[in-house]
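Observations on the model geometry
The lines below spell out each chain.
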Amino acid sequence: MVALSKPPIEQFFVKPSKPNTNNPLIIPSIPLIDLSKPESKHQLVKACQDFGFFKVVNHGVPKKFINKLESEAVKFFSCPLSTKEKAGPPDPFGYGNKRIGRNGDVGWVEYLLLNAKLESDYQRYLSVFEENPEIFQGVVNDYVTAVKKMACEILELLADEMKLQPRNVFSKLLMDEESDSVFRVNHYPPCPEFQENEKNGRKLVGFGEHTDPQIISVLRSNNTSGLEISLRDGSWMSVPADSESFFINVGDSLQVMTNGRFKSVKHRVVANSRKSRVSMIYFGGPPLSEKIAPLTSLMQGEEDSLYKEFTWFEYKKSAFNSRLSDNRLGLFEKIAAS
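Residues numbered from 1 in each chain as written. Predicted model: local features only at pLDDT ≥ 70, side-chain atom pairs only at ≥ 80, totals over all residues. Heavy atoms only, no water.

Attention shifts here to the pattern of salt bridges. Under the counting rule described, the total for this entry stands at 16 salt bridges. Note that Arg323 is salt-bridged to Asp105, the shortest N-O span being 3.3 Å. Taken as a pair, Arg323 in the segment after α9 (312-320) and Asp105 in strand β4 (residues 105-115) lie far apart in primary sequence, 218 residues in all. With a relative accessible area of 12%, Asp105 lands in the buried category. The shortest N-O distance in the salt bridge between Glu228 and Lys203 comes to 2.6 Å. With Glu228 in strand β8 (residues 227-230) and Lys203 in the loop between α7 (195-199) and β6 (204-210), this residue pair connects regions lying 25 residues apart in the sequence. One continuous salt-bridge network, built from bridges that share partners, spans Glu156, Asp160 and Arg167. (Salt bridge = Lys/Arg side-chain N within 4 Å of Asp/Glu carboxyl O. Helix = DSSP H or I, 4+ residues; strand = E, 2+ residues; numbered from the N terminus. Buried < 20%, exposed > 50% of the residue type's maximum accessible area, 1.4 Å probe, protein only.)

See the structure below:
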C-alpha cells in the first residue's frame with residue numbers, strides 16, 4: 001500500500017478517555033447473532049436496545065462478492081497518491097485523504113465515498129482504473145445489492161419482533177428508489193513513526209468518535225482490528241476483527257423512529273502502526289424528503305415523543321455541518337417541560 005503524506009503526527013493522537021468503571025471481572029461482549037436461527041428476532045431487538053451494535057453470521061452475502069470487493073479496494077488504495085487524487089476531492093462523493101468532512105475533523109485514513117444507487121455514474125472514479133474500469137463498478141454493485149438485502153432482512157426481523165405493521169416499515173426506506181444511501185471504503189495505512197507512542201499506550205485517530213446519522217450501517221473489514229465502541233459508562237471497548245462476519249450499527253434515524261428504544265452507538269477507529277486496515281460500510285438511509293419521527297404504532301399509553309419531527313434532508317444537512325463528535329441529535333430532542 002502507498003503511504004499517506006506525513007503532516008505532524010500529533011494532530012492524530014486520540015485524547016485520553018474515561019477509564020472503564022465496570023467491574024473488571026465482567027467484560028461485556030459484542031452480541032453475536034445467527035440470522036438463520038428463529039431466536040435471532042429477539043436477539044436483534046435486545047442488541048439494538050442494549051448496545052446499538054452487534055455481529056451477524058449466516059448473513060447470506062456470497063464470499064466471492066466480499067473477496068472481489070476487498071481485492072479491488074486494495075488495488076485502488078495501492079495506486080500512487082497522484083492517481084487516486086484524480087477521483088477527488090470528495091464533493092461529497094469521491095476520494096478523500098485525512099480530511100473528514102468540512103469542519104476540521106482529521107484522521108489517519110484515506111477513503112472512497114460512493115452513491116449506493118446501482119445506476120450511479122462512477123465514471124469520474126473509474127478513470128483511475130486504466131484497465132477494465134467497468135469491473136470495479138460491477139463488483140461494487142454486486143456487493144452493495146447483497147448487503148442491502150441483508151440489511152433489509154434485519155430491519156424486517158426487528159419489525160416482526162416488535163409487532164410492527166407493515167413489516168417493511170423500516171426496510172421500505174432503503175428499498176425506495178429515492179433512498180439516500182451511501183457506500184464507503186476506508187483504508188487505514190500503517191503508521192511506523194507512531195510505534196513508540198503506541199508502546200506508551202497512546203492511540204492514533206483513524207476515524208474520530210461519532211454516531212451514524214442514517215437508519216442502519218453494515219460494516220465489514222479485513223482481519224486488522226481498530227474499531228472501538230463507546231459503552232454506557234463512557235469507556236471504550238475494542239471490537240475484535242472478524243473478516244467472516246458483518247457488524248451492524250443502529251443509526252440516529254432508527255433511534256428516533258423507535259423513540260429511543262434502540263440506541264445509536266458512538267464509535268471510532270484507531271489506526272495501527274504496523275498493519276493496514278481496510279473496511280467497507282453500507283449506510284442505509286431514507287429518501288431526502290422522508291419525515292423522521294417516532295412511529296405512532298410504537299408509542300405506548302401516554303408516552304411522549306422524545307424528538308421533534310424532521311426530514312432526512314434537514315437532519316443530514318445539520319449532521320454534515322457539525323463536527324464528528326457533536327451530539328447531532330441534541331438539536332432535535334424535545335426539551336421536557338420543567
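Look at helix α2 (residues 63-77): 21 Å from first C-alpha to last across 15 residues, which is about the 21 Å you get at 1.5 Å a residue. Three or more residues of α2 are buried, namely Phe65, Ile66, Leu69, Glu70, Glu72, Ala73, Phe76 and Phe77. The buried residues of α2 occupy one face: seen down the axis, they fall within an arc of 165 degrees. (Expected span 1.5 Å × (residues − 1). Arc of directions from axis to C-beta.)

For the rest of this paragraph, the subject is unusual backbone geometry. The omega torsion of the bond from Gly88 to Pro89 falls at -5 degrees, within 30 degrees of zero and hence cis. Looking at where Pro89 falls in the secondary structure, it is placed in the loop between α3 (81-84) and β3 (94-100). Cis geometry marks the peptide bond from Asp91 to Pro92, where omega comes out at 0 degrees. One can find Pro92 in the loop between α3 and β3. Phi is positive for Lys98, close to 75 degrees, though the residue is something other than glycine.

On to the sheet that holds strand β11 (residues 267-271). Read from one edge of the open sheet, four strands run β6-β11-β8-β9, paired in antiparallel fashion. Two strands close off the open sheet at either side, each with one partner strand: β6 and β9 (236-238). Pairs of neighbouring strands in the sheet enclose a mean axial angle of 25 degrees, with direction left out of account. Across three bridges, β8 lies against β9 in antiparallel orientation. Bridged to Glu228 within β9 is Ser238. (Pairing = 2+ DSSP bridges. Axes fitted to C-alpha atoms, helices over the stretch in contact; angles between N-to-C directions.)

Below, the discussion takes up the packing of aromatic side chains. What the rule picks out here adds up to nine aromatic pairs. Taking 6.4 Å as the distance between ring centres and 40 degrees as the angle between the ring planes, the aromatic pair formed by Tyr143 and Phe246 counts as tilted. Taken together, the residues span a long stretch of sequence, with Tyr143 in helix α5 (residues 133-161) and Phe246 in strand β10 (residues 246-250) at a distance of 103 residues. Exposure remark for Phe246: the relative accessible area of 0% places this residue in the buried category. Look at Trp312 and Tyr315: their rings are 6.4 Å apart centre to centre, the planes differ by 50 degrees, and that puts the pair in the tilted class. Of this pair, Trp312 and Tyr315 are both found in helix α9, three residues apart, which corresponds to roughly one turn of the helix. For Trp312, a relative accessible area of 1% puts it in the buried group. Feature note: the residues Phe310, Trp312, Tyr315 and Phe332 constitute an aromatic cluster, connected by ring pairs. The ring of Trp108 has Lys98 sitting right over it, with the charged end atom 5.6 Å from the ring centre. (Phe/Tyr/Trp six-rings, centres within 6.5 Å; stacked < 30°, edge-to-face > 60°. Lys NZ or Arg CZ within 6 Å of the ring centre and 35° of its normal.)

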